[in-house]
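Observations on the model geometry
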Amino acid sequence: MNIFKISSKNLVRNKLTTILNIILVAFGVGILSILFLASNQIGNKLEKNAKDIDLVVGAKGSPLQLILSSIYHIDYPTGNIPAKDAYQLAHHPMVKRAVPLALGDNYNGYRIVGTDSTFSHLYGLAVQKGDFWRKDLEVTIGGTVATESKLKIGDSFFGAHGLSGNGDIHKQHAYLVKGILKPQGNITDNLILTNIGSVYKMHEEKHEESHHSPAAETKEINDKQITALLIQYKSPMSVILFPRMVNQSTNMQAASPAMESARLFSLIGVGIDTLQWFAVFIMAIAALSIFISLYNAMKERKYDLAVMRCLGASKSKLFFLVMFEGILVTLIGACLGLLIGHIALEVIGAYQQSSQAKLTGMTAVPQEVYLIWTGLYIGSLASLIPAMQIYKVDIAATLTKDR
């Protein structure tokens, strides 16, 4: 007796109920799949982008906003800080490395970041083609920027004022692409890097030709402003002392990426937990629906089961026949749910405005395996009581009863 064939025919015979049960299971598994994929990707992005950055110093305001704008590049800065004060802070005995950032422009939504060579050391950047920027208005672009914007070495483009949109284009100066970075799998893939002098030049009404030696550039910067400093400590003791000193003794603000990222993820986690319970509730309804449909089917199939017993089928075989029907429904639903979850997240990612935080369904996480096992467990549990009714079927009474 082919259990799979008989179970399939039984499910097809009650196709409307079967489809409903599959949809319920798929919907619950799909939601959980999206949550697992999204939270895993968000967590990885938070960890990769903030790696080796101990502190961010910027204008006073929201610490979380400062972190989002300076490390993840998905928010507006809290303001600017005097470059002179920032560079004095950069030479503090507790600071191992300080990376200046000057933000304010974009190209097709990709942020143009004014910085110096310490930025490439901080993220371990290497060029795939060309070289790093050397002079004003030269840029080195991330791999994603090059791919999606079709920019090549030697191409020129105009930046636009603001961190998104192309409304106010700076047509007085064009940037020149000098290099393309190797893909890093972090935020640098989505950035356009140049020197700080280029950012100043874009926002000045009068421009003067200058040779930016380190001394001359420092003098120029001291009369200007920058957006933030990314700081690495020299010793663990600085974690306690340095932020307090910045917040209490200066007009600047110090924000810890570790603390703010944890706070951000905890805020996201509230919504994720709510959706997880919603998905569990849907799967519980699916289990109840499978139980009811199989239980009711048992009443209608008593005669068929009695005939099968007479033809030589054992009680255990019929028990597994009913169990298999429930397991098959949840297995199909779970696999369909995983497919729906991946497709849905890919669609969500395609419509995201921020390329820096883009999600994708073209990946997998280990937790998804548990969703398959959970589906099998739910199917087994829902089928157990109906399957046990097999042992209560009286063959003689059922066959002699008027149908």
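Basis of the calculations
- Residues numbered from 1 in each chain as written.
- Predicted model: local features only at pLDDT ≥ 70, side-chain atom pairs only at ≥ 80, totals over all residues.
- Heavy atoms only, no water.
- UniProt positions renumbered as here; feature names shortened; annotations may be inferred.
- Helix = DSSP H or I, 4+ residues; strand = E, 2+ residues; numbered from the N terminus.
- Buried < 20%, exposed > 50% of the residue type's maximum accessible area, 1.4 Å probe, protein only.
- Contact = heavy atoms within 4.5 Å.
- Phe/Tyr/Trp six-rings, centres within 6.5 Å; stacked < 30°, edge-to-face > 60°.

Take the UniProt feature "transmembrane region" (unreviewed entry) in the chain next. What UniProt calls "transmembrane region" (unreviewed entry) maps, in this numbering, to residues 20-38, 275-297, 318-345 and 370-391. With 100% helix and 0% strand, residues 275-297 has its two end C-alpha atoms placed 33 Å apart. With 100% helix and 0% strand, residues 318-345 has end C-alpha atoms that lie 41 Å from one another.

Before going further, it helps to examine helix H3 (residues 63-72). With eight of 10 residues buried, H3 is to be regarded as a mostly interior element. Restricting attention to buried positions, one finds in H3 the residues Leu 64, Leu 66, Ile 67, Leu 68, Ser 69, Ser 70, Ile 71 and Tyr 72. Trailing H3 by a residue or two, His 73 shows a phi angle of about 55 degrees, which is positive.

Along the chain, Ser 70 turns up in helix H3. When sequence neighbours within four positions are dropped, the list of residues in contact with Ser 70 reads Val 56, Leu 101, Ala 228 and Leu 230.

Take the packing of aromatic side chains next. Applying the stated criterion to the full structure yields seven aromatic pairs. Here the aromatic rings of Phe 119 and Tyr 123 are separated by 4.8 Å at their centres, their planes lie at 40 degrees, and the arrangement is tilted. Of this pair, Phe 119 and Tyr 123 are both found in helix H5 (residues 117-123), four residues apart, which corresponds to roughly one turn of the helix. Tyr 123 shares its class with Phe 119; the two are buried. Where Tyr 233 meets Phe 242, the ring centres are 6.0 Å apart and the plane angle is 70 degrees; that geometry is what we call edge-to-face.

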